[in-house]
Every structure is written in C-alpha cells, then in structure tokens.
Amino acid sequence: MRLSIVTSAVVAALVGFGSTIAIIIAAAQAVGADAEQTSSWVAALCLAMAASSGYLSVRYRMPVITAWSTPGAALIAASAGISIHAAVGSFLLAGALIVLAALIKPFGRSIERIPTSIAAAMLAGVLLQFVVGVFQSAEGAPGLVLPLVAIFLVVRLVNPALAVLAVLFVGLGIAFGGGMAQPLTSTLSLSSLIFIAPVFEPAALIGLGLPLFLVTMASQNLPGFAVLKASGYQPPSRPILAVTGLASLVTALFGAHTSNLAAISAAICTGPDTHPDPAKRWMVGPFYALSYLVFAAFSAALIGLIAALPPELIKTVAGLALLGAFAGALGSALSEGSKVFPAVITLAVTASGLTLFGIGSAFWGLVAGLATLGLDSLATRLRRHG
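None of these values were measured; they are calculated from a predicted model.

## Focus: the overall build of the chain
Part 1: Along the chain, the regular secondary structure elements total 16 helices and two strands.
Part 2: Its C-alpha radius of gyration of 20 Å places the chain within 12% of the 21 Å reference for a compact globule of 386 residues.
Part 3: When its C-alpha atoms are laid out on the principal axes, the chain stretches across 70 × 50 × 45 Å.
Part 4: By the burial criterion, 53% of the 386 residues in the chain qualify as buried.
Part 5: Put simply, of all contacts in the chain between residues at least 6 apart along the chain, 82% involve residues at least 24 apart.

Written out as structure tokens, the structure reads:
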C-alpha cells in the first residue's frame, strides 16, 4: 500500500468529475430536468461509478476505472424537443443494448462492424458545437474566456489531464473574485435520488437512445479497454460491459445516462506512477469509489455552485473538456482515405442539427454516412466487374 494509490484515485476522480460536470448540467437543461432531477442525475451517476469501479477492481484484481459517458452527455445536450421522461426511456434502451452486447456475441460483433471512421465522424459532429462555443463565448466575455484558453494551452503542455481542472479552478476564482457569479443559494445538505418515470417515445429512442449506445461503445468503452491493455492487463470485456450496462439500467430510473469504462481517468490510475507493481494497482479502485461516494452525497451543493457561474464560463469549461475528444474523433474520422468522404458526410449531417420525423441529427448522420459508404463500395465493385 502506497500513498500514490490514494492520490491517483483522488486526482482521477477530481479530473473526471470537475472537468465534465458542466456538460452533465447542460444535458440536464436540454431535456428540461429541474434542480432536484439534475441533482438525482448526478448523484446516481456518482453511485454507479463508485459501485462499478469498486466491484470490478476488487473482483478482477486490476484497476478497472469507470466514468459517465461524456460524449453521451454532449449528445444529450445537443438534443432538442425531448422531455426528461422520454430521455430516461432512451437511457434505459442504451443500458439494455450494452447488456445485450455483453450477453450476445453476434450483437456485440455487429456493433463492432460499424466503421470506426463513421462512428468517429458522428461523434465529431456532436462535439463540434461545444468546441466552437468556447470562442463564441469569448465575444461576450473576452476578459474571462481568453485567459482561461491561455491557461488551458499552457497547462496542457505540462499535464494534459489537469488542464481542464486548472481552467475550472481559475475560472471559479475569476468569477467569484470579479463579481461575475450569482450568490450561492444551495447548502451542504445531502443529495437524494428521485425516481423518474420513463416514457418510451419512438423518436427519442431512435434519435437519442441508439446514438447514445453507439457513442458510449465506440468513444468510451473501446478506448477504455485499450488503456487497460496498453498497461499490460487483459480486461474481461463481457463482464465489464455487463456490469456497466446493468449500472446504467438501474441508475437510468433516477435520471442518469450511461456508465462505461474511463479512458483519461483510467490512464491516471493504470500506470507505474500509481504503483510500480501492476498486480497491486487494483487497490486504486476502492479509493476511487470512495471519492465518488463523497461526490454523490454532495451533488446538490456542487450543482448549485455550477449554477451560480456565468454561462460563458460553463461553455468554456465544457468546450475545452471536449476538445481532446473532438480532436481524436476528427483524426479517426479522416484516417482512412477510402472512407473520408462518407465520414465528412456523417460529420456534416450530424453537426447540422437536422431533425426529421422527430429524430435527431446524430442518427441521420450515421444513416447518411453508412449509405454513402455503401454506394461507394457498390460503385467500386461495379467498376471492377465492368
């Protein structure tokens, strides 16, 4: 047992929570969640992180670090016309699909057959508006936003994992020190979970539930497995998917969207800085779980703090937190020469915000990209046989 086990767990939890909580708040606002439902959403997510990370790390003796789906939250935040009850129905669908991917091998393989470039382009299209939002905010509050962008760029050179956290803390100082924040109204009372009855609307299930599942699998779980494998571990993929899928199903009834493997937070906990012996790094899991239990207990107060901040700060923190994910998605989308055009079609349709038959642009972007890819493949085969 080393102190680095504890510090790695706490830093990973702070980075995961502090750098993306603003995106969760934006997602909750997009589906019309009130203050109590938003608090329940965050508390349920934190409880899912605590339970899944603690259990999986102890059970399999490896640092299995879980997180909420940040790209999934961005997808929800970009949606329109979906109520909190319809959103919960979509979250249940996404969780059920994750469980099916764990239990049914052919189903899981069918998801893996979706070209990486198309899935990445869909994600890039979802994230684009948040990244652009950073610089749109600079127009209204240049004295707040531009210094934070500079801090992000500098800290990123030293420690990319702490760059967004530095922006958040400095932004808090500027907002409260400069009188830009609203008075705090929340107290340190304990949070509570609120049952939210699901409504299963076909448009929401197709336009939000299905893309949420795909984004969670392609942008969170697959990189999460890669981080563990890169650190020398052989993670049991099906049990991990089953546990995170079940956690998503249970917590969806309290407003939370999907749980999945972490990537950035996991990288903090899986390397030699955590412990020189890889066989002992699993001990980071229980301390990571304890950190999220604390966040779950005081989620209402933390959300009250975020709500008091100026909108420009929230947009800046959220956009900078998603900048790395956007760059990675864009790079993957354009990495295969033969699939660049279908990927660009996917990105353009997704970023357009197109809504048809009540179904959002993420789904139509995926459909357009796959259709274009299919036409390209058909044309190639006809030329070969012509």
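## Section: the side chain of Ser-137
Part 1: Tracing the backbone shows Ser-137 in helix 6 (residues 116-140).
Part 2: Excluding residues within four positions of it along the chain, Ser-137 makes contact with Val-145, Glu-312, Lys-315 and Thr-316.

## Concerning the packing of aromatic side chains
Part 1: What the rule picks out here adds up to six aromatic pairs.
Part 2: Relative to Phe-91, the ring of Trp-41 lies with its centre 5.5 Å away and its plane at 65°, an arrangement referred to as edge-to-face. On the criterion of sequence distance, the pair formed by Trp-41 in helix 2 (residues 35-60) and Phe-91 in helix 4 (residues 84-103) is long-range, its members being 50 residues apart.
Part 3: With centroids separated by 5.1 Å and ring planes inclined at 55°, the aromatic side chains of Tyr-288 and Tyr-292 adopt a geometry described as tilted.

## Quick notes on the environment of Ala-102
Part 1: If you trace the backbone, Ala-102 turns up in helix 4.
Part 2: Sequence-wise, Ala-102 and Thr-244 are 142 residues apart; in three dimensions their C-alpha atoms are separated by 9.9 Å.
Part 3: Beyond its immediate stretch of four places on either side in the chain, Ala-102 contacts Arg-238, Leu-241 and Ala-242.

## With respect to the packing of helix 4 against helix 10 (residues 237-252)
Part 1: Direction vectors running N to C along helix 4 and helix 10 enclose 160°, while the axes themselves pass 8 Å from each other. By the angle between their directions, the pair helix 4 and helix 10 is classed as roughly antiparallel. At the point where helix 4 passes helix 10, the crossing takes the left-handed sense. Here Val-88, Phe-91, Leu-92, Gly-95, Ala-96, Ile-98, Val-99, Ala-102 and Leu-103 of helix 4 lie close against helix 10, whose contacting residues are Arg-238, Leu-241, Ala-242, Thr-244, Gly-245, Leu-246, Ser-248, Leu-249 and Ala-252.

## Side note on the pattern of salt bridges
Part 1: Counting across every chain of the model gives one salt bridge.
Part 2: As a salt-bridge pair, Glu-336 and Lys-339 come within 3.3 Å of each other at their nearest N and O atoms.
Part 3: A residue is classified by how much of its surface remains accessible, and Glu-336, at 29% relative accessible area, is partly exposed.
Part 4: Its relative accessible area of 21% is what places Lys-339 among the partly exposed residues.

## Points about the side chain of Thr-274
Part 1: In this fold, Thr-274 is placed in the loop between helix 11 (264-270) and helix 12 (284-297).
Part 2: Thr-274 sits in the buried class, given a relative accessible area of 0%.
Part 3: At a separation of 3.3 Å, a polar atom in the side chain of Thr-274 contacts the main-chain carbonyl oxygen of Cys-269.
Part 4: When residues no more than four places from it in sequence are discounted, the contact partners of Thr-274 are Ser-4, Ile-5, Ser-8, Ile-268, Cys-269, Arg-281 and Val-284.

## Things to note about the nonpolar core
Part 1: Judged by nonpolar contacts, the single largest core of 121 residues is most densely connected at Trp-41 and Tyr-292.
Part 2: Among the elements that make up this core, the one with the highest residue count is helix 1 (residues 3-30) (13 residues).
Part 3: If we skip the residues at most four places from it in the chain, Tyr-292 touches Ala-13, Gly-16, Phe-17, Cys-46, Met-49, Ala-50 and Trp-68.

## Thoughts on a nonpolar patch on the surface
Part 1: Residues Leu-47, Leu-193, Leu-290 and Leu-293 make up a contiguous nonpolar surface patch of about 330 Å² in total accessible area.
Part 2: The residue Leu-193 is located in the loop between helix 8 (160-177) and helix 9 (202-230) in this model.

## A look at the packing of helix 1 against helix 2
Part 1: Interhelical geometry of helix 1 versus helix 2 gives an angle of 140° and a closest axis separation of 10 Å. When the interaxial angle is binned, helix 1 and helix 2 end up oblique. Here the hand of the crossing between helix 1 and helix 2 comes out right-handed. Along its contact with helix 1, which presents Phe-17, Ile-21, Ile-24, Ile-25, Ala-27 and Ala-28, the element helix 2 presents Thr-38, Trp-41, Val-42, Leu-45 and Cys-46.
Part 2: Of the residues contributing to the contact of helix 1 with helix 2, the split by class is 10 nonpolar, one polar and no charged.

## Here we look at helix 12
Note that an α-helix has 3.6 residues per turn; residues three or four places apart therefore point the same way.
Part 1: Taking 1.5 Å per residue, 14 residues should reach 20 Å; helix 12 reaches 20 Å between its end C-alpha atoms and fits that length.
Part 2: Residues of helix 12 that are buried: Val-284, Gly-285, Tyr-288, Ala-289, Ser-291, Tyr-292, Phe-295 and Ala-296. The buried residues of helix 12 occupy one face: seen down the axis, they fall within an arc of 160°.

## Side note on the environment of Leu-370
Part 1: For Leu-370, the location among the structural elements is in helix 16 (residues 361-385).
Part 2: As a C-alpha pair, Leu-370 and Pro-115 span 255 residues in sequence and 8.6 Å in three-dimensional space.
Part 3: For Leu-370, the residues in contact, after removing those within four places along its chain, are Pro-115 and Ile-118.

What counts and how
Residues numbered from 1 in each chain as written. Predicted model: local features only at pLDDT ≥ 70, side-chain atom pairs only at ≥ 80, totals over all residues. Heavy atoms only, no water. Helix = DSSP H or I, 4+ residues; strand = E, 2+ residues; numbered from the N terminus. Rg over C-alpha atoms; globule rule 2.2 N^0.38 Å. Buried < 20%, exposed > 50% of the residue type's maximum accessible area, 1.4 Å probe, protein only. Contact = heavy atoms within 4.5 Å. Phe/Tyr/Trp six-rings, centres within 6.5 Å; stacked < 30°, edge-to-face > 60°. Axes fitted to C-alpha atoms, helices over the stretch in contact; angles between N-to-C directions. Parallel < 35°, antiparallel > 145°, perpendicular 65-115°, else oblique. Left-handed = near helix turned anticlockwise from the far one by under 90°. Salt bridge = Lys/Arg side-chain N within 4 Å of Asp/Glu carboxyl O. Polar contact = N/O pair within 3.5 Å; in protein donor to acceptor, adjacent residues only side chain to side chain. Core = buried A, V, L, I, M, F, W, Y, C linked by side-chain atoms within 4.5 Å. Patch = residues over 30% accessible without salt bridge, like charges linked within 9 Å, V, L, I, M, F, W, Y side chains within 5 Å. Areas by Shrake-Rupley, 256 points an atom, 1.4 Å probe, with all protein chains shown as cover. Nonpolar A, V, L, I, M, F, W, Y, C, P; charged D, E, K, R; others polar. Expected span 1.5 Å × (residues − 1). Arc of directions from axis to C-beta.

These figures capture arrangement, not role.
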